[in-house]
Amino acid sequence: MADCFISLYDTAVTDRGLISSRSWAARALKSLESRAYRIADVIVVDTDLNASYFRETFRLTPSKVIALPLSIDESVFRPSPYLPSGDSCNVLFIGTFVPLQGADVIARAAVILRERRDVQFRFIGSGQTADAVERIFAGGRPENVEWITQWVDSERLAEEIRKADICLGIFGTGSKAQRVWPLKNYAYMAIGRAIITGDSLFSRRMLQESDFAPFLTVPHGDPAALAAAIVTLAQDPERRKDYAKNARLFYDRNLCSRIARKQLVSHLVCASSDDL
């Protein structure tokens, strides 16, 4: 079984743009990865849209690729009732600052809201696009922005999520942003907090499958729309409570480890029956 949550080719070529798709290095990486997948009996990815991408990109037998929800440490990222933090609204972004995440979009939204003392931003992480974020803040980091760049362990991240009023997902404009649900969003939902994330093909599918709204979406790459959504939730604690409750409910019904195990067992049983 191959766990393909992160594809080396997709990461280096498509998502981060570190290697040109026309280069020999990209062709060699794709060939090597394709060979590894063909050897595997089962290839596990995180969404149906990602499964389609893997099948088409690496020319894989459709039945070999299955989509299962990601697994997080549910003993750490456990549900916590949401209570509004008070006069200010704490907005949290956790990330490795890869293009997929759109940290620059969040930074520009923070600049738009720099005069809002009732909205406090907290960035945790660093990475490829950190320099771009620094350039956005070149005129002086807004007073309502705190940025923690050192490594933070899972227990601390869970605590930061519990203290947040709004948690931010991904806002990058690349193709990968359309087909994945990032690990940070799993953690936000598992704990139960209001989420704003990009309007993607996969997020629309999630909304269509639910009879309630577990998160709020805005167009990818649009800092003004993100800023407006943050203000909307910042001014409405009851709406934040609803999103927090719905996020946890959606996680429990669709994304938790229990669901992933059930789906995996079902697939393996079906595969064994086909071999008889």
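Residues numbered from 1 in each chain as written. Predicted model: local features only at pLDDT ≥ 70, side-chain atom pairs only at ≥ 80, totals over all residues. Heavy atoms only, no water.

Caption draft 1: Structural detail: the overall build of the chain. When its secondary structure is counted, the chain shows 11 helices and 9 strands. In terms of overall dimensions, the chain is globule-like: its C-alpha atoms have a radius of gyration of 19 Å, near the 19 Å expected for 276 residues. Each principal axis of the C-alpha distribution contributes one length, and for the chain these read about 65 × 40 × 30 Å. When the 276 residues of the chain are sorted by exposure, 51% land in the buried category. Relative to all contacts within the chain whose residues are 6 or more apart in sequence, the contacts with residues 24 or more apart total 72%. (Helix = DSSP H or I, 4+ residues; strand = E, 2+ residues; numbered from the N terminus. Rg over C-alpha atoms; globule rule 2.2 N^0.38 Å. Buried < 20%, exposed > 50% of the residue type's maximum accessible area, 1.4 Å probe, protein only. Contact = heavy atoms within 4.5 Å.)

Caption draft 2: Seen up close, a nonpolar patch on the surface. A cluster of nonpolar residues, F5, I6 and L183, forms a patch on the protein surface that exposes about 250 Å² of accessible area. For F5, the location among the structural elements is in the loop between β1 (2-3) and α1 (8-15). (Patch = residues over 30% accessible without salt bridge, like charges linked within 9 Å, V, L, I, M, F, W, Y side chains within 5 Å. Areas by Shrake-Rupley, 256 points an atom, 1.4 Å probe, with all protein chains shown as cover. Salt bridge = Lys/Arg side-chain N within 4 Å of Asp/Glu carboxyl O.)

Caption draft 3: Fine view of a negative patch on the surface. Together, D73, E74, D153 and E155 line one region of the surface with negative charge. When you line up the elements, E74 lands in the loop between β3 (65-67) and β4 (89-94). The class of E74 is partly exposed, set by a relative accessible area of 31%. (Lys, Arg positive; Asp, Glu negative; His and termini not counted. Charge placed at Lys NZ, Arg CZ, Asp CG, Glu CD.)

Caption draft 4: Geometry of helix α8 (residues 201-208). Of the residues making up α8, those classed as buried are F202, S203 and M206. Buried residues of α8 fall within an arc of 100° about the axis and therefore sit on the same side. Where α8 is buried, its residues contact α3 (48-58), β8 (194-198), β9 (216-218) and α10 (237-255). (Arc of directions from axis to C-beta.)

Caption draft 5: Spotlight on the layout of surface pockets. Size it by volume and the largest pocket reaches roughly 810 Å³. Surrounding the largest pocket, 34 residues form its lining, G95, T96, Q101, L183 and K184 being those nearest its centre. Here the lining of the largest pocket takes 4 residues from helix α7 (residues 183-191), the largest share from any one element. Within the lining of the largest pocket, the residues separate by chemical class into 19 nonpolar, 9 polar and 6 charged. (1 Å grid on protein atoms, 1.4 Å probe; cavity = no way out; pocket = protein on both sides within 12 Å on 5 of 7 lines; lining within 4 Å. Points joined across faces, edges and corners; volume = space filled by probe spheres on them. Nonpolar A, V, L, I, M, F, W, Y, C, P; charged D, E, K, R; others polar.)

Caption draft 6: Quick peek at helix α2 (residues 24-39). In a regular helix each residue adds 1.5 Å, so 16 residues correspond to 22 Å; α2 covers 23 Å between its end C-alpha atoms and thus fits that length. Those residues of α2 that fall on the buried side of the exposure criterion are A26, L29, E33, S34 and Y37. Here the buried residues of α2 occupy an arc of 130° about the axis, which is enough to place them on one side. The exposed residues of α2 that point more than 90 degrees off its buried face are W24, L32, R35, R38 and I39. Of the surrounding elements, those touching the buried residues of α2 are α1, β2 (43-45) and α3. (Expected span 1.5 Å × (residues − 1).)

Caption draft 7: Focus on the pattern of salt bridges. Within this structure, the stated rule accounts for 14 salt bridges. Residue E143 is joined to R117 by a salt bridge in which the shortest nitrogen-to-oxygen separation is 3.5 Å. One end of the pair, E143, is in the loop between α5 (130-136) and β6 (145-148); the other, R117, is in the loop between α4 (103-112) and β5 (119-124), and 26 residues separate them in sequence. Accessibility expressed as a relative area gives 44% for R117, which makes it partly exposed. One continuous salt-bridge network, built from bridges that share partners, spans R122, E146, R156 and E160.

Caption draft 8: Molecular detail of the nonpolar core. Counting residues in each nonpolar core, the largest one holds 36 residues, and the members touching the most others are F121, F123, L168, I196, L226 and I230. The leading source of residues in this core is helix α9 (residues 223-234), at 8 residues. Among the nonpolar cores identified, the runner-up in size contains 33 residues, and V76, L92, Y186 and M206 belong to it. (Core = buried A, V, L, I, M, F, W, Y, C linked by side-chain atoms within 4.5 Å.)

Caption draft 9: Geometry of the sheet that holds β6. Sheet architecture is open: 6 strands sit in the order β6-β5-β4-β7-β8-β9, paired in parallel fashion. The sheet is open, and its two borders are formed by β6 and β9, each paired with just one other strand. The mean inter-strand angle of the sheet, taken between neighbouring strand axes irrespective of direction, is 20°. Relative to β5, α4 is tilted by about 155°, and along the sheet it contacts β4, β5, β6 and β7 (166-168). Here α7 sits on the sheet and contacts β4, β7 and β8; the angle it forms with β4, its principal contact strand, is near 140°. (Pairing = 2+ DSSP bridges. Axes fitted to C-alpha atoms, helices over the stretch in contact; angles between N-to-C directions.)

Caption draft 10: Representation of the sheet that holds β1 in the model. Pairing is parallel across the open sheet formed by 3 strands, whose spatial order is β1-β2-β3. Edge positions in the sheet fall to β1 and β3, since each of these pairs with one other strand and no more. One ladder, built from 3 bridges, connects β2 with β3; its direction is parallel. Paired with V45 across the strands is A67, a residue of β3.

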